[in-house]
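# Reading the structure
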Amino acid sequence: MNDDVRDILLGVVAAALSGGFGWFARTYLWRRRLRRKQAFFGLPSGSDCLFVVNRQRGGAETSVHRYDAFALLEISALIKDCGANVRIVTHDEARQGFGERAEFCVGGPSSNARTVAHLASMLPGVRVNVDTEQHEDRGAIVVGGETYRWRKGEEEYVLLARLTGGDGGRPVFLLSGQTAVSNQAAARYLARHHERLARTYGADSFCLVLKVVNSDAYGPDVTELVADVTRQTRTPAAAAV
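Residues numbered from 1 in each chain as written. Predicted model: local features only at pLDDT ≥ 70, side-chain atom pairs only at ≥ 80, totals over all residues. Heavy atoms only, no water.

## What to know about the packing of helix α2 (residues 66-81) against helix α4 (residues 180-201)
Threshold: An axis is simply a line fitted to the C-alpha atoms; with a helix, the fit covers only the stretch in contact. Between two such axes, the angle follows the N-to-C directions and lies from 0 to 180 degrees. Helical segments are the DSSP runs of H or I of at least four residues, strand segments are the runs of E of at least two, and each set is numbered from the N terminus. By definition in this entry, angles of less than 35 degrees are roughly parallel, angles greater than 145 are roughly antiparallel, angles of 65 to 115 are roughly perpendicular, and the rest are oblique. The crossing is said to be left-handed when, going from far helix to near helix, the turn is anticlockwise and less than a right angle, and right-handed when the turn is clockwise. Any pair of residues with heavy atoms lying within 4.5 Å of one another is described as a contacting pair. By the convention adopted, Pro, Cys, Tyr, Trp, Phe, Met, Ile, Leu, Val and Ala count as nonpolar, Lys, Arg, Asp and Glu as charged, and the other residues, Gly among them, as polar.
Where α2 meets α4, the closest approach of the two axes is 7 Å, and the angle between their N-to-C directions is 15 degrees. Between α2 and α4, the angle is such that the two are roughly parallel. Here the hand of the crossing between α2 and α4 comes out left-handed. Where α2 approaches α4, its residues Tyr67, Asp68, Phe70, Ala71, Glu74, Ile75 and Leu78 are matched on the opposing element by Ala180, Val181, Asn183, Gln184, Ala187, Arg188, Leu190, Ala191 and His194. Tallied by class, residues from the contact of α2 with α4 come to 10 nonpolar, three polar and three charged.

Next comes the structure, spelled out in structure tokens:
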């Protein structure tokens, strides 16, 4: 074997080894990210989860606002990536506990009875004005001594929370917004920032206040993190400072 042939063979072997190590590294990193994603959402491969939909305010009992449907699409992509299965139920049909399977609950307490239950049992420091008549505090979210008021088309707020029971179990993701646009904005924020949220909170519960800016012009695209109210939500509102 002359030197030229040997060099060619060595080059081929080196390229094969380099390609193999590169493929192994990419596969390892992809699987590690997937495991972290599945752990954060409580969605191991082949598992089932609930998507609890609300009803459109002012619409028929079974109608869903189109932006809430868009929120479903945003979250469905996350569920599919994790290799899990989703069961869609309306808010008045979800008569079961939490922890056995992951849950995504969309809509504020004025349109979602399941949200009312979650707020009462796991976020006692939150109060939401559910009046139907028009006034400045209609739809306002009160937590930690702060009031987040809805200004139609200009400022809309939504609570994005990851909730777990005292004995662990699969999490509930609550997206409780003042409008359907803010619900979709929370779903999009969760899809875009779940890795950072997982690094920050791990398997712990959290509750964030997000603000949707100028939805008349930008829809759900411009969303800001306003506050982490995790600690404040744990103190019943009547006793909150």
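This is not the end of the story, as more comes after the structure.
## Concerning the nonpolar core
Generally speaking, nonpolar side chains in soluble globular proteins are found buried as a group. To keep things clear, this is the line we draw: Only buried Ala, Val, Leu, Ile, Met, Phe, Trp, Tyr and Cys residues count toward a nonpolar core, and they belong to the same one when joined by side-chain atoms within 4.5 Å. Burial classification: accessible surface area is computed with a 1.4 Å probe over protein chains only, and a residue below 20% of its type maximum counts as buried, one above 50% as exposed, and the rest as partly exposed.
By size, the foremost hydrophobic cluster in this structure holds 29 residues, and its most contacted members are Phe41, Leu43, Ile75, Phe104, Leu175 and Leu190. Elements supplying a minimum of two residues to this core: α1 (3-41), β1 (48-53), α2, β3 (102-106), β7 (155-165), β8 (168-177), α4 and β9 (206-213). In terms of residues, this core owes the most to one element, α4, which gives six residues. Leave out the neighbours within four places in its chain, and Leu43 touches Gln38, Cys49, Ile79, Cys82, Ala84, Ala102 and Phe104. Counting 21 residues, the second-largest nonpolar core is a separate cluster that includes Cys105, Met122, Tyr148 and Val229.

## Here's the deal with the pairing of β1
Threshold: Being paired, for any two strands, means DSSP has found at least two bridges between them.
Burial analysis of β1 places five of its six residues in the buried class, which makes it a mostly covered element. Bridge count for β1 against strand β2 (residues 85-90) is six bridges, and the pairing is parallel. Considered in β2, the bridge of Cys49 is made with Val86. In this structure, β1 lies alongside β3, joined through four bridges in parallel fashion. The partner of Phe51 across the bridge, within β3, is Phe104.

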